[in-house]
Each structure stands twice: as structure tokens, then as C-alpha cells.
There are 2 protein chains.
Amino acid sequence: MNIKEVARLAGVSTATVSRTINDSEKVTWETAERVRKAIQTLRYYPNTNARALGSGRSSLYGLIISDITNPFFPELVKSFEDIAVRNGREILVANTDYDPHRTEHCVSRMLQRKVDGVAIMTTEMEPRLIEELSRREIPLVFLDTARPQGNVSTITIDYAAGIGAAIEHLYTLGHRRIAFISGSPAHKSSRARLEAFRKNMRAHKLPLEFEDIVQGDHTIEGGFRAMQQLLERKPVPQAVLCSNDLTAIGALRAVHQTKLRVPRDISLVGFDDITISGYTEPPLTTVRLPRAEIARAAFAALHTRSGRGHKREHVVQPSLVLRETTAPPADGAPAKKTRARAR
Amino acid sequence: MNIKEVARLAGVSTATVSRTINDSEKVTWETAERVRKAIQTLRYYPNTNARALGSGRSSLYGLIISDITNPFFPELVKSFEDIAVRNGREILVANTDYDPHRTEHCVSRMLQRKVDGVAIMTTEMEPRLIEELSRREIPLVFLDTARPQGNVSTITIDYAAGIGAAIEHLYTLGHRRIAFISGSPAHKSSRARLEAFRKNMRAHKLPLEFEDIVQGDHTIEGGFRAMQQLLERKPVPQAVLCSNDLTAIGALRAVHQTKLRVPRDISLVGFDDITISGYTEPPLTTVRLPRAEIARAAFAALHTRSGRGHKREHVVQPSLVLRETTAPPADGAPAKKTRARAR
DNA sequence: CTGTTAGCGCATTCAC
DNA sequence: GTGAATGCGCTAACAG
């Protein structure tokens, strides 16, 4: 079943069929109707491969993410896809699993499929691979890394503000000893969050003990184990900030395996605000990263390829979502309160 | 950049380049090496569209799921993709969102991309759409619906056994009044689970009050609201079985918003065993649906296209995972125990 | 083992 | 507004 048969049945040329498929203006409504009918009776579906080959455009946008198993990403993928579909585009999602080898494979797929643009939502990507995309002048948009220039746009997350709000919140509650469970230092996004934490702690003149920063890996299990380490410390931290929500969920479980309670004995704050965070026990106080906005900005960056007049940087502001894992520390307001006010 | 330039640089014909790309045996190692070098220096990536067009094969398998936001699916997608990649295939995932209109769009995409097979992991699909795929002799594999024949294989989930194990477990603990939170009756998978529940309740001669079966929608929020309804009943059920884990997570939250505790006052059982279920508070007792096995079976069904000698039906057995949301009922062993033993 | 050639199915000139 | 012809980049069949 191909365009030829449709043309024959409709009594027109293949060119006319092609035109009606592509909503070309210059087709009489009547002939278009005839063609449409033929398409329907033949159950004809145009071959995407041939279309892309003939036109040179794929109408495909790539979306590279690092871990589809982290609920943050499906929520992002969904938003992105919705927008793409509304704009008559398809998306090709590829998963790196934080693995350089697979990342290369992902980029290769994008290149081979001749995508019209790529949204790179993972921070781990060798310059060589970026260069590979860049040299072909494929519109690129990065989440949280690289600086805008030429064909690349950037969506920047104001980690400092987001994590700052969290720390400010804990500080106001009276917490002074705040620990942090990071992601893998191998990942730029993890490092950025950790840095934001350090910076804000310093700004509040809060102590930053080496052992109060423990490493997770942005999975539940990682958060669980990291919190177990933290719990071995005596006394335990008053509050723990987690590099993402999955980490916090694991940490929550670790605390509750002991006699301690959240937030009575330890306050806990996550980062991302995935859907499930509203339903943990207790519901997780966290910093929201607005997925829909990120998706919208990413799509716009790729779609407004013209470049002209399109700003190449979009800053998204995380926002603190207060739920029930934070409360004043059990040991009451600390002595340092005065100094804190003076900051 | 195309095959011609590579051929020119390597001093061979395009056919030879094509052969080396496709690992054809009949290319001298030396010429192949020359070609490979040319490919590398030119940073050539073969055009997938053209390859598919020329060969007639797309090396693409479609995967249709209903809700990428339900963690069950990403875990499934991941398994499926891993296997596909290992076998040199790509996958095209499409989301129906339980929407008939979008479902049609998904099928259309599959058809247009000329996929070599489709795994349909959603139970909602009009016969017309299936027919559309079927008539083109595209290998199909369904999760949990349709019966095997011709080009379609089936992966059947033994809901009765899985849910039976859960009910048996509750029954042994002493529970007699067991409620159920279903998914949307519009979805076949929901109905199947509900039916399995009914059947097993009857088998245990347990009461099945109309009001003890309340409707959710397989989301956390749906489970939350459904449980709230259940909690309005006096007395509340001794145990609640949920149609999936998200439902159970929402239900758990609803219980904990009251003075009641799980499992002290109410036992709770989920279905799916998504990763997060091991970390809820308390960890969720649930029925595991083995994702990796489903993915493996689905891929095998599509890939072993020869059909000959390949069994078209694969039954997967769910298994009960005991965690901490189930316990004997607070009101002690029920009077009916004797009768129960007699069953 | 390698080169030549003819499509694959469609979009897109360029005429009419 | 419509048709005929060309080419997109590659594979496959056929020669050699």
C-alpha cells in the first residue's frame, strides 16, 4: 500500500496525494476529498521513512533523559510529548542510565534518525557528543548545563534559590545542624545541588561538617543507605536535606526503621516534588521543580528554530512546597539564634 | 554526509560501505577497515530512514502503554528496551493515556513507522485498531487480553492466582471482611482484577457487600479518595485489597490521615510491586507482577517472528510479597473461624 | 570479494 | 490546481 495506489484509486497523480496529505493549500477541496476517501478505503498510512527521506525533515524531536525509572522523568516526558503532539511532532526518548556508553548510543540514534532537535535532560554528556550534534546544526536545549550559543539553548534551574528556600525554612524553624544526602558526585546535577547547599549553609553561617554530607545516588535505596549512615552519628542531625525526592523517600524509611520519627526527631526535605511525594507518610516537604514549565521551555527552544529574537536562556525557579516532614527541632531553639538573626 | 562520500573517501563502492555497515561477511577485513576509517573521519551516521526504506525492515518494535506516569510502566519499558538494544533493535514507546483518540494516534504512528512488531501493554484498544495492525501481518503481543492466533501472541497474567494468594493470606490472618478498591471499570485490566477478587472471595465464602467494593482509577489520588469512602463506613473493613500499588499508596495515606493505623486497624494489600512499594511507611504487602519476565516474553514473542515452534501464549504468575501492611485484625479472630477451616 | 544498478515511497521542483 | 519527473540515502540483486 503506497501513495501510487491511492493516486490511482483517486484518479490523480501522486503529487496531488502528497499535497493533500500535507495540507497544501493548492488542492481543490473536491479533489482533496476524493483523495481522502481513497486513503480511507485503502487504509493507507504514509510511510514516515519515505517522507523524511524525501523532504529532508523528520518532524522528530529527541529527548535524552538519564533514568526513566525516576518518576521525575516520566512526568517530564509526558509534558514534552503532549506539547509535541499538539504541534504535529513526534518525540524519540532515549535513556542513558547514566552510562557513557549508552549515552553515546542515544546520541547516535538521534543522529541516525535525523531528528530536528534534541532536548538533553541529562547533565552527563561528553563534549565530544555534544560537538557531534552541534556541528550538524541541530537545535539543542540543555537542562542545567552548558551555556547558550549558536544552536544551543539552556534551561537553567536556580538551585541556589530553591535550596536556599529550603534551608531558610529549616533555619526559621530553629534547625542549625542540617545534613545533606547528595547524589553521585559523578553527575553534574548532583554536584550543582550540593554546591547550592554548601553555599546557602555558608550564607547562614551554619556548621558544615564533613560527615554531615553523605553520598546517595538519587535512588530510593541510595537514600535509605545514606540515611542509615547519618543515623549512626550521635547526636543525629536535626534536619536532612536530600538531593532529590527518591532519596528523601528512602531516607524517610530509614528513619522510621528506628525509633525516631519524622519530623519529631528529624526534619526531612526533598527536591523535585514528584507526585508521590504528596502521599508519603508523612507527606514530604520538598522543593518543586516545575516539570510542565521545563517541558514547555525545552520545546519552545527547539521549535522556535528561527533563532532570531528567541532568547536562548530560560531560568526556572524552584519553589518550596511545605508539607509535613519538617517541624521545629526536638531539642528546642538553639542557643545560636541571636547570632543567626545578626547574619 | 552520506554513503557516497564515504565510498569515495574509502575508494570503494557504496555497496561495499553498506555491507561493512551491516556486518556482511563478504568484505575483506582490510577494505572493511578502510571503510570504517572513512566513516570515522567523516563522522558519518547512516540515515535510518533511508535504511528502512531500502531494506523494507525498520528494526523497530513498538511498545504501547497506557500511562507512563505509573511507575509500573517505566520499569517495564526499561526492561523491554534493554532487551531490544541487546538485540540490535530500537523501540518506539507510545502513551495512550487511556484515551481512545490518543490510542488511535499511537497505532497510526506504529503503522507509519512500519514497525516490525508491537507489544500492546494496554488493555484498551478497539478491535478496529487491532485489525488495522493485524491485517498487515505485524507481529503483535498483548498483555492480558485477546487470544493467541495468527500473528498475535498473548501474555496472560494469572490474576486469580495472584489475588487468591493475597486473600488467602488475609484469610489466614483472620480477616473476614475484605474490601476492594478497583480501577476504572472502563478498563479491562481493572475488571479482570476485580473479577479475580470476587471469585476468590466467593471461593472463601467471604461476604461481598456492594459497598465494600469502591472504585478508584489506578492513581494515588484515586486510591486516596476511595479509601476515604471506605473509612466512612462503620465499622470499617478489616482489610482492603487494592487494584494496584498506586491505589494502595493513596489508600495508605487516607488511613493515616485518621487516627487509624495500618496494619493495626486495617490491613492493606497492593498489586504490581513497583519499586517504591518497598519503602512506604509501612512497607506495602503486595502482589508482584514480574516486569522483567513480561518484557522478556513480549520481546521473544515479537522477535521469534518465525512463529514456527513458538508458543503463542505465555502465562505469568504473580507472587505475594509479604511486607508490613498486613497483620491479624484488631478485633481478634472472628467467630467464623471454624466454618472457615471447614471450607 | 566488489561494483553496478534498480528501486524503496515520498516530496518537490518545474511545466502545463 | 494538477501532473510528470527527479532525487532523497540506502539496500539488494545481479554481474563480474
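Residues numbered from 1 in each chain as written. Chains lettered and ligands numbered in written order. Predicted model: local features only at pLDDT ≥ 70, side-chain atom pairs only at ≥ 80, totals over all residues. Heavy atoms only, no water.

1. As for the overall build of chain A
And then number 1: Secondary structure summary: chain A contains 13 helices and twelve strands in total.
And then number 2: Its C-alpha atoms give chain A a radius of gyration of 25 Å, clearly above 20 Å, the size a compact globule of 343 residues would have.
And then number 3: Counting only C-alpha atoms and orienting by the principal axes, one finds that chain A spans roughly 90 × 40 × 35 Å.
And then number 4: Looking at chain A as a whole, 57% of its 343 residues qualify as buried.
And then number 5: Summarising the internal contacts of chain A: among those between residues at least 6 apart in sequence, 69% fall at separations of at least 24.
And then number 6: Here chain A has roughly 15,000 Å² of accessible surface; of this, 51% comes from carbon and sulfur atoms.
And then number 7: Distance from the positive charge centre (50 side chains) to the negative charge centre (38 side chains) of chain A: 3 Å. (Helix = DSSP H or I, 4+ residues; strand = E, 2+ residues; numbered from the N terminus. Rg over C-alpha atoms; globule rule 2.2 N^0.38 Å. Buried < 20%, exposed > 50% of the residue type's maximum accessible area, 1.4 Å probe, protein only. Contact = heavy atoms within 4.5 Å. Areas by Shrake-Rupley, 256 points an atom, 1.4 Å probe, with all protein chains shown as cover. Lys, Arg positive; Asp, Glu negative; His and termini not counted. Charge placed at Lys NZ, Arg CZ, Asp CG, Glu CD.)

2. Things to note about the interface of chain A and chain B
And then number 1: On the chain B side, the residues contacting the 51 residues of chain A number 51 residues.
And then number 2: Counting each side, the surface lost to burial between chain A and chain B is near 5,100 Å², with a carbon and sulfur contribution of 50%.
And then number 3: By the criterion of area lost to chain B, the three top residues of chain A are Tyr45(A), Arg113(A) and Tyr279(A), representing 15% of everything that side buries.
And then number 4: Of the charged contacts, one joins Arg253(A) and Glu281(B) as a salt bridge, the two residues approaching to 3.2 Å between their closest N and O atoms.
And then number 5: Taken together, the connections running from chain A to chain B amount to 24 residue pairs in polar contact (both at pLDDT 80 or more).
And then number 6: Among the secondary structure elements, those contributing two or more residues to the side of chain A that touches chain B are α4 (48–55), α5 (72–86), β2 (90–95), α6 (100–112), α10 (220–232) and α11 (245–256) of chain A.
And then number 7: Ranked by residues supplied to the side of chain A that touches chain B, first place goes to α5(A) with seven residues. (Buried area = accessible area lost by both parts, 1.4 Å probe. Salt bridge = Lys/Arg side-chain N within 4 Å of Asp/Glu carboxyl O. Polar contact = N/O pair within 3.5 Å; in protein donor to acceptor, adjacent residues only side chain to side chain.)

3. Side note on α5(A)
Residues and elements named next belong to chain A.
And then number 1: End to end, α5 covers 22 Å across 15 residues, agreeing with the expected 21 Å (1.5 Å per residue, within 8%).
And then number 2: Counting buried residues in α5 gives eleven out of 15 residues, a clear majority hidden from the surface.
And then number 3: Looking only at α5, the buried set comprises Phe72, Phe73, Pro74, Glu75, Leu76, Val77, Ser79, Phe80, Glu81, Ile83 and Ala84.
And then number 4: At the exit of α5 stands Gly88, carrying a positive phi of roughly 65 degrees. (Expected span 1.5 Å × (residues − 1).)

4. So, the sheet that holds strand β7 (residues 213–215) of chain B
Residues and elements named next belong to chain B.
And then number 1: Here six strands make up an open sheet; going across it, the order is β7-β6-β8-β9-β10-β12 and the pairing mixed. Each of the sheet's edge strands pairs with one partner strand only, and the pair in question is β7 and β12 (319–321). Strand after strand, the sheet turns through a mean of 20 degrees between neighbouring axes, direction not considered.
And then number 2: In the sheet, strand β10 (residues 285–288) pairs with β12 via three bridges, with the strands oriented antiparallel. Bridge assignment links Arg288 to a residue of β12, and that residue is Ser319.
And then number 3: Across the sheet, helix α8 (residues 159–173) is in contact with β6 (178–182), β8 (239–242), β9 (267–272), β10 and β12; its angle to β9 comes to roughly 165 degrees.
And then number 4: With respect to the sheet, helix α10 (residues 220–232) is in contact with β6, β7, β8 and β9, its orientation differing from that of β6 by roughly 145 degrees. (Pairing = 2+ DSSP bridges. Axes fitted to C-alpha atoms, helices over the stretch in contact; angles between N-to-C directions.)

5. Digging into the packing of aromatic side chains
Residue and element names in this part refer to chain B.
And then number 1: Under the counting rule described, the total for this entry stands at twelve aromatic pairs over all chains.
And then number 2: Their ring planes at 85 degrees and their centres at 5.4 Å tell us that Tyr61 and Phe299 sit as a pair that is edge-to-face. A residue pair is termed long-range when its members are at least 10 positions apart, and Tyr61 in strand β1 (residues 60–65) and Phe299 in helix α12 (residues 291–303) qualify at 238 residues. As far as burial versus exposure is concerned, Tyr61 and Phe299 are alike and both buried.
And then number 3: Residues Tyr159 and Phe271 carry aromatic rings whose centres are separated by 5.8 Å and whose planes lie at 45 degrees to one another, so their mutual orientation is tilted. (Phe/Tyr/Trp six-rings, centres within 6.5 Å; stacked < 30°, edge-to-face > 60°.)

6. Considerations on the protein's contact with DNA strand C
And then number 1: In the vicinity of DNA strand C there are 26 residues, among which Ile3(A), Ser18(A), Tyr44(A), Arg57(A) and Arg19(B) approach most closely.
And then number 2: Within the contact set of DNA strand C, a phosphate oxygen lies 2.4 Å away from a side-chain nitrogen or oxygen of Arg57(A).
And then number 3: At a separation of 3.3 Å, a base oxygen of DNA strand C approaches a polar backbone atom of Gly54(B).
And then number 4: Ranked by residue count, the leading element in the surface near DNA strand C is α4(A), at four residues.
And then number 5: Grouping the amino acids of the surface near DNA strand C by side-chain chemistry returns nine nonpolar, twelve polar and five charged. (Near = heavy atom within 4 Å. Nonpolar A, V, L, I, M, F, W, Y, C, P; charged D, E, K, R; others polar.)

7. Here's the deal with the side chain of Thr16(B)
Residue and element names in this part refer to chain B.
And then number 1: Among the secondary structure elements, Thr16 is positioned in helix α2 (residues 14–21).
And then number 2: Exposure remark for Thr16: the relative accessible area of 16% places this residue in the buried category.
And then number 3: When neighbours within four sequence positions are excluded, Thr16 is seen to be in contact with Val27 and Val35.

8. Thoughts on the protein's contact with DNA strand D
And then number 1: Inspection of the region around DNA strand D gives 26 residues, with Arg19(A), Ile3(B), Ser18(B), Tyr44(B) and Arg57(B) positioned closest.
And then number 2: Here the atoms of DNA strand D within 4 Å of the protein split so that 68% fall in sugar or phosphate, with bases taking the remainder.
And then number 3: Within the contact set of DNA strand D, a base oxygen lies 3.4 Å away from a backbone nitrogen or oxygen of Gly54(A).
And then number 4: Elements supplying a minimum of two residues to the surface near DNA strand D: α2 (14–21) and α4 of chain A together with α2 and α4 (48–55) of chain B.
And then number 5: Tallying contributions element by element places α4(B) first for the surface near DNA strand D, with four residues.

9. Structural notes on the domain arrangement of chain A
Residue and element names in this part refer to chain A.
And then number 1: Domain annotation for chain A reports domain 1 (3–46), domain 2 (60–158 + 292–318) and domain 3 (159–288).
And then number 2: Computed over C-alpha atoms, the centres of domain 2 and domain 3 are 28 Å apart.
And then number 3: Taken together, the contacts link 13 residues of domain 2 with 16 residues of domain 3.
And then number 4: Three residues, Tyr98, Asp158 and Pro318, lead the burial of domain 2 against domain 3; their summed loss comes to 32% of the area buried on that side. (Domains from an automatic or database assignment.)

10. Here's the deal with the relation of the copies chain A and chain B
And then number 1: Note on the identical chains: chain A maps onto chain B by a rotation of 180 degrees and an axial translation of 0.1 Å, with an RMSD of 0.1 Å. On the angle and the small slide along the axis, the relation comes out as a two-fold axis. Minimal C-alpha distance to the rotation axis in chain A is attained by Asn49(A), lying at 2.2 Å.
And then number 2: Take the interface residues of chain A: 100% of them recur as interface residues in chain B, which is what a same-surface contact looks like. (Least-squares fit on C-alpha atoms with pLDDT ≥ 70 in both.)

11. Some thoughts on α6(A)
Residues and elements named next belong to chain A.
And then number 1: Taking 1.5 Å per residue as the helical rise, α6 with its 13 residues ought to reach 18 Å, and the 18 Å between its terminal C-alpha atoms agrees with that figure.
And then number 2: Taken together, the buried positions of α6 are occupied by Arg102, Thr103, Cys106, Val107, Ser108, Arg109, Met110, Leu111 and Gln112.
And then number 3: The opening residue of α6 is Asp99, an N-cap whose side-chain oxygen sits 2.8 Å from the backbone nitrogen of His101.
And then number 4: Remark: Lys114 follows α6 within two positions and exhibits a positive phi of approximately 55 degrees.

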